[in-house]
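Examination of the molecular architecture
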Amino acid sequence: MSEKNLDYYIRKFTQLRIDRSHGRPAPHKPILLLSIIELIERGVISTNEIELTPEIVSTFLSYWNALYPDQKGIVALPFFHLKSDGFWHIVPNDGYEKSFNLIRHIKSSYQIRDMVRHAYLDKELFALLLLDKNRTMFRRVIINDYFDPEEKNRLVKAINLSRKAMKYEHLLIAEANEPYTANIPQERIRFKEKVREAGFRHLIMSIYNYTCSVCNMRILTLEGASVVDAAHIVPFSVSANDDIRNGIALCKLHHWSFDEGLISIDDSFRVMITPLLNAQRPTEWLLTGLKNKQIMLPQNETLYPAQEALHYHRENKFIK
Ligand SMILES: [Zn+2]
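Given the structure is predicted, the values throughout are model-derived calculations rather than measurements.

When helices and strands are tallied, the protein shows 15 helices and six strands. Expressed as lengths along the three principal axes of its C-alpha atoms, the size of the protein is roughly 70 × 50 × 35 Å. Split into buried and exposed, the 320 residues of the protein put 49% on the buried side. Accessible area for the protein stands at about 16400 Å²; split by element, carbon and sulfur atoms hold 53% of it. The average position of the 42 basic charges and that of the 38 acidic charges among the side chains of the protein differ by 4 Å.

All right, on to the pattern of salt bridges then. For side chains of opposite charge, pairing can occur when their charged atoms come near one another. Under the counting rule described, the total for this entry stands at 18 salt bridges. Residue R135 is joined to D132 by a salt bridge in which the shortest nitrogen-to-oxygen separation is 3.4 Å. Taken together, the residues R135 and D132, both in helix α8 (residues 132-146) and three residues apart, mark about one turn of the helix. Note that K252 and D229 form a salt bridge whose closest N and O atoms lie 2.6 Å from each other. Of this pair, K252 sits in helix α13 (residues 252-259) while D229 sits in strand β3 (residues 228-232), placing them 23 residues apart in sequence. Bridged by salt links that share partners, the residues E41, D132, R135, R139 and R163 form one connected network.

What you tend to see is this: most non-glycine residues have negative phi, and most peptide bonds are trans. A positive phi is found at A240, a non-glycine position, where the angle reads about 50 degrees. A positive phi angle is found at F269, which is not glycine, with a value near 60 degrees. Residue position: F269 is located in the loop between β5 (263-265) and β6 (271-273).

When you tally the buried positions in β3, you get five out of five residues, the bulk of the element. Both β3 and strand β4 (residues 247-251) contribute to a ladder of five bridges, which runs antiparallel. Bridging from a neighbouring strand, V228 pairs with C251 of β4.

What follows deals with the coordination of the zinc ion. At this site the zinc ion is bound by C212 (SG), C215 (SG), C251 (SG) and H254 (ND1), with donor distances of 2.0 to 2.3 Å. Given four donor atoms and angles of 93 to 119 degrees at the metal, the environment of the zinc ion is assigned as tetrahedral. Taking the relative accessible area as the measure of exposure, C215 reaches 23% and is therefore partly exposed.

This paragraph deals with the domain arrangement of the protein. As assigned here, the protein comprises domain 1 (6-147) and domain 2 (175-316). Between domain 1 and domain 2, the C-alpha centre-to-centre distance is 33 Å. Residue-level contacts link 13 residues of domain 1 with nine residues of domain 2. Carbon and sulfur atoms make up 59% of the surface buried where domain 1 meets domain 2, a total of about 990 Å² over both sides. Among the residues domain 1 hides against domain 2, the three largest losses belong to P54, E55 and Y110. Together they make up 39% of the total. In this assembly, domain 1 and domain 2 are joined by two residue pairs in polar contact (both at pLDDT 80 or more).

Within this model, the largest pocket holds a volume of roughly 860 Å³. Lining of the largest pocket is provided by 35 residues; of these, S62, A158, L161, S162 and A198 occupy positions nearest its centre. At the level of secondary structure, the elements contributing two or more residues to the lining of the largest pocket comprise α2 (28-42), α3 (54-67), α9 (149-175), α11 (193-207) and β3. The greatest single-element share of the lining of the largest pocket, amounting to nine residues, is contributed by α9. Here the lining of the largest pocket spans two domains, since at least three of its residues come from each of domain 1 (6-147) and domain 2 (175-316).

Below, the discussion takes up the side chain of R245. Tracing the chain through its elements places R245 in the loop between α12 (236-239) and β4. R245 gets classed as buried once you look at its relative accessible area, which sits at 7%. Dropping the residues within four chain positions of it, R245 is found in contact with E175, A176, E178, P179, Y180, I233, T302, L303, Y304, P305, A306 and A309.

Bringing α8 into the picture now. Between its terminal C-alpha atoms α8 stretches 21 Å, which fits the 21 Å expected from 15 residues at 1.5 Å a residue. Looking at the buried side of α8, the elements it contacts are α1 (6-14), α2, α7 (123-129) and α9.

Taken together, K157, K164, K167, K192 and K194 make up a surface patch of like positive charges. If one sorts the elements of the positive patch by residue count, α9 sits on top with three residues. Assignment of secondary structure puts K192 in the loop between α10 (186-189) and α11. Judged by its relative accessible area of 63%, K192 is exposed.

Rules and cut-offs
- Residue positions are given per chain, counted from 1 along the sequence in the order it is written.
- Residues qualify for local features only when their pLDDT is at least 70, as the model is predicted, and side-chain atom pairs are given and counted only at 80 or more; totals for whole chains, interfaces and linings, by contrast, use all residues.
- Hydrogens are left out, water is left out, and the side-chain values use all remaining heavy atoms of the structure.
- Labels follow the DSSP assignment, with helices taken as runs of H or I lasting at least four residues and strands as runs of E lasting at least two, numbered in each case from the N terminus.
- For the exposure calls, accessible area comes from a 1.4 Å probe over protein chains only, and a residue counts as buried if that area is under 20% of its type's maximum, exposed if over 50%, partly exposed in between.
- Here the Shrake-Rupley method, with its probe set to 1.4 Å, supplies the accessible areas, and only the displayed protein chains count as covering residues.
- When charges are tallied, Lys and Arg are placed among the positive residues and Asp and Glu among the negative ones, while His and the ends of the chain are skipped.
- For the purpose of locating charges, the reference atoms are NZ of Lys, CZ of Arg, CG of Asp and CD of Glu.
- We count a salt bridge whenever a side-chain nitrogen from Lys or Arg sits within 4 Å of a carboxyl oxygen from Asp or Glu.
- One requirement defines pairing of two strands: DSSP has to find at least two bridges between them.
- Here a donor is an N, O or S atom found within 2.8 Å of the metal, or within 3.2 Å if the metal is Na, K or Ca; sites may look incomplete because water is not among the atoms.
- Square planar and octahedral assignments, for four and six donors respectively, both demand that opposite donors be over 155 degrees apart and that all other angles lie between 65 and 115; tetrahedral needs four donors with all angles between 85 and 135 degrees, and anything else is irregular.
- An automatic or database domain assignment is the source of the domain bounds shown.
- Contact between two residues is taken to exist if any of their heavy atoms lie within 4.5 Å; hydrogens are not considered.
- The term buried area denotes the loss of accessible surface (1.4 Å probe radius) that occurs when two parts are joined, taken as the sum for both partners.
- Any pair of N or O atoms that falls within 3.5 Å is considered a polar contact. Within protein, one atom must be able to donate a hydrogen and the other to accept it, and sequence-neighbouring residues count only if both atoms are side-chain atoms.
- Of the two site types, the cavity is a set of points on a 1 Å grid over the protein atoms alone where a 1.4 Å probe fits but cannot get out, and the pocket is an open set with protein on both sides within 12 Å along at least five of seven lines, each lined by residues with an atom within 4 Å of a point.
- Grid points are joined across faces, edges and corners, and a volume is the space filled by probe spheres set on the points.
- Expected helix span is computed as 1.5 Å times (number of residues minus one).
- Residues enter patches when their relative accessible area tops 30% and they take part in no salt bridge; the joining distance is 9 Å for like charges and 5 Å for the nonpolar side chains Val, Leu, Ile, Met, Phe, Trp and Tyr.

Encoded structure:
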């Protein structure tokens, strides 16, 4: 058996077992590998136990949608089928050890969530991917071997957008160590709007673990859709302020209610409900039932919503 070194895996990456029956190589496996490389680079995947997390789904989809906006990308397919390439292994959940080996096709993403605990790479490959220069090489091989020039172009753009968004996130995290201010630091403005949007959204979603701070709802489809949005407390149109402490994760209903001023948050982080709504009206219980509820806050206290931003919302948006 050949030594499992960089050359060995580069060769493996150029020889992925891929369906070519549609006239071109099916892009699922290459896109999944690009996503994993990105998440290792971001530090999101830091151990060799790779679960089908919202992060993987959304990274996969950011590439997929950049390439094929009209087609639905299903990450479960390569997550399952990559096991035929020899360097990707799957650990089934308890009770599924036997049945898992009998499965030839994945019917739905939910099947993966039920049956699979996590996947892992050959330990030699994982160690190689921890180094920046190797990641660059693997990326180049994947992009050159499986995509045509037009697709390459789009992929490179998507990779660059995501790298810039990551830089923007690092900047926002560093700024959160300073006292909160409504002034926008010049450094932030150097980033394009698209980059800022992607960075802010990703950061708030991960800090709040894709969970609505007000009602704790967390619904994610494995196709990447989330019921939760990354909201600005002082609206972006007013403040343009992506400070983490001007952000909060809210489900669609509570995002809308917050923006419309039907709900707000008091200075001890409890839900306020506008007197316009009436607990006597059962149709409004979804909101009125939350009155005085403590919101879910980030684990790290320095990232809590800023009092100044909440105060602005109570004074300017909330219907008293
Ligand atoms: Zn909610």
